[in-house]
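Each chain, letter by letter, is given below.
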Amino acid sequence: MDTVQPVGDPLLLGQRLVAILETGLRTATYKLATLMALVEHCIENLPAREHDSLAVPIPELAHRVLDLYWRQVRPFDGRELRQSTQSRARILIAATTLRHASRGASSLDTARLRAPEAYRKVIDDVVLCLAQQPLHRLQKLPGSPTSDPFLYDDAFLHDQVSRRTLRSHGDAVVLNPGVAHALARLSGLLKPALEVMWVDDVRRMNKFLDEDVPDVAGHLFGRSRSGFAAVREPFKDAFGPHCFYCRTHLPANNPIDHVLPWSLVGIDGLANLVLACARCNGDKSGALPALNLIDRALDDDRAISLEQIATSLQWPTQRDRVAAAARGIYRGQPTGVPTWSGFRQRERLDISFPPAWLRP
Ligand SMILES: [Zn+2]
């Protein structure tokens, strides 16, 4: 394709995406998962300049897609949720296979550590599935014979594309100039919209989910609170039983808070987790935290303690990932946007003197 034009207005790109996603009935949730994974990849790998292109390795995309389905394949109400109208849903089979091979690991990262060989094989399957299905269908209006490559060139992708063809393209798709910045800037709008569409699809594909079944969204996208209990005591030993935000003394069952909101980037690494009181945790909710809170979360002394906890719990800190995601999020924010700086306190964003992690 030599007709690629740089993206002008991110909103136009968003409207085009939503138009494609809202047209026709989806036969699987894969397009939504692929787009969500692309958005996350852009946030965490934001190019230095606004109009740069960005190569997205399909194996990395496959990891993110698998991560999205990781918790979703658990039984809901004692039943398996369908996410496709076809009988063989390849990505769900892949996720279930790896869950078994890793003895029910609670996260994909743990599964990779426990069962590296099975992980490699499953990623390979998902790579091929993404290339043969959602990656080229994502840019096509349902029913239309041709693709409109407004995100990336997909001319080499089709329903029967081979591993060899993928290899000859470096196992990657290359986002057009400006697309990475546009998707990162739109993340706060796109992610919730994609989740709503996803929940609708799952309800449609699973007739037993009538209006009375509670919290399908929570099952698909919520965090498992119980899963985080394991970090509470090690954190209290290392940092003292105090709220990270207001320093109040904590009761036994205090919340664990995601500094970068879970709703924006689903990073569960220790570097993104802090002890909080219920008051701060509730007030902060999905708000963007003030810059100095990210500074403190990424602080060197804290990192040393986190590394020790990571080793004993086998739970990665993902400090680099948190820093990269923070950079991707804040660089897309306009100056003056309100951020959460403490219980019932707001601070306007000012990055005229960016902290080290925010510099490209
Ligand atoms: Zn507090």
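Quick caveat, the model's predicted, so the values are computed rather than measured.

Side note on the nonpolar core
In globular proteins that are soluble, nonpolar side chains generally tend to be buried together.
Then step 1. The biggest cluster of nonpolar side chains holds 116 residues, and the ones touching the most others in it are L66, W198, Y245 and Y330.
Then step 2. A per-element tally of this core places helix α9 (residues 179-205) first, with 12 residues.
Then step 3. Each of two domains, domain 1 (10-221) and domain 2 (226-358), supplies a minimum of three residues to this core.
Then step 4. Here Y330 is in contact with L260, L288, P289, A290, L291, I294, L349, I351, W357 and L358, once residues within four sequence places are set aside.

A look at the pairing of strand β1 (residues 54-57)
Then step 1. Side chains L54 and V56 of β1 all project onto a buried face; the interleaved residues A55 and P57 project onto a face where none is buried.
Then step 2. As paired strands, β1 and strand β2 (residues 172-175) are joined by 4 bridges and run antiparallel to one another. Bridge pairing links A55 to V174 in β2.

Some details on the UniProt feature "domain: HNH nuclease" (unreviewed entry) in the chain
Then step 1. The sites that UniProt annotates as "domain: HNH nuclease" (unreviewed entry) are residues 230-282.
Then step 2. Counting secondary structure, residues 230-282 comes out at 28% helix and 11% strand; the distance between its end C-alpha atoms is 21 Å.

Let's talk about the coordination of the zinc ion
Then step 1. Looking at the zinc ion, the protein donor atoms are C243 (SG), C246 (SG), C277 (SG) and C280 (SG), and they sit 2.3 Å from it.
Then step 2. Taken together, the 4 donor atoms coordinating the zinc ion span angles of 103 to 113 degrees at the metal, a pattern that classifies the geometry as tetrahedral.
Then step 3. All donors of the zinc ion come from a single chain, and their spacing in sequence reads C-x2-C-x30-C-x2-C. Of the two residues, C243 is situated in the loop between α11 (229-239) and β3 (256-258) and C277 in the loop between β4 (273-275) and α12 (278-284); the sequence distance between them amounts to 34 residues. Assigned by exposure class, C243 and C277 land together as buried.

A few points about the domain arrangement of the chain
Then step 1. We note that the domain assignment places domain 1 (10-221) and domain 2 (226-358) within the chain.
Then step 2. Each of domain 1 and domain 2 was reduced to a C-alpha centroid, and the two centroids are 27 Å apart.
Then step 3. Taken residue by residue, the interface counts 15 residues in domain 1 and 17 residues in domain 2.
Then step 4. In this assembly, domain 1 and domain 2 are joined by 1 salt bridge.
Then step 5. In this assembly, domain 1 and domain 2 are joined by 6 residue pairs in polar contact (both at pLDDT 80 or more).
Then step 6. For the side of domain 1 that touches domain 2, the elements supplying multiple residues, two or more each, are α2 (30-44), α5 (108-114) and α9.
Then step 7. Looking at the side of domain 1 that touches domain 2 residue by residue, the class counts come to 6 nonpolar, 4 polar and 5 charged.

What about helix α4 (residues 90-101)?
Then step 1. Between its first and last C-alpha atoms α4 spans 16 Å; for 12 residues at 1.5 Å apiece the expected length is 16 Å, and the two agree.
Then step 2. Of the residues making up α4, those classed as buried are I91, L92, A94, A95, L98 and R99. The arc that holds every buried residue of α4, seen down its axis, measures 160 degrees, which confines them to one face.
Then step 3. Packed against the buried residues of α4 are α2, α3 (58-70), α5 and α6 (116-132).
Then step 4. The first or second residue beyond α4 is R103, which carries a positive phi of 50 degrees.

What counts, and at which threshold
Residues numbered from 1 in each chain as written. Predicted model: local features only at pLDDT ≥ 70, side-chain atom pairs only at ≥ 80, totals over all residues. Heavy atoms only, no water. Core = buried A, V, L, I, M, F, W, Y, C linked by side-chain atoms within 4.5 Å. Buried < 20%, exposed > 50% of the residue type's maximum accessible area, 1.4 Å probe, protein only. Helix = DSSP H or I, 4+ residues; strand = E, 2+ residues; numbered from the N terminus. Domains from an automatic or database assignment. Contact = heavy atoms within 4.5 Å. Pairing = 2+ DSSP bridges. UniProt positions renumbered as here; feature names shortened; annotations may be inferred. Donors = N, O, S within 2.8 Å, 3.2 Å for Na, K, Ca; no water. Tetrahedral: all angles 85-135°; square planar, octahedral: opposite > 155°, others 65-115°. Salt bridge = Lys/Arg side-chain N within 4 Å of Asp/Glu carboxyl O. Polar contact = N/O pair within 3.5 Å; in protein donor to acceptor, adjacent residues only side chain to side chain. Nonpolar A, V, L, I, M, F, W, Y, C, P; charged D, E, K, R; others polar. Expected span 1.5 Å × (residues − 1). Arc of directions from axis to C-beta.

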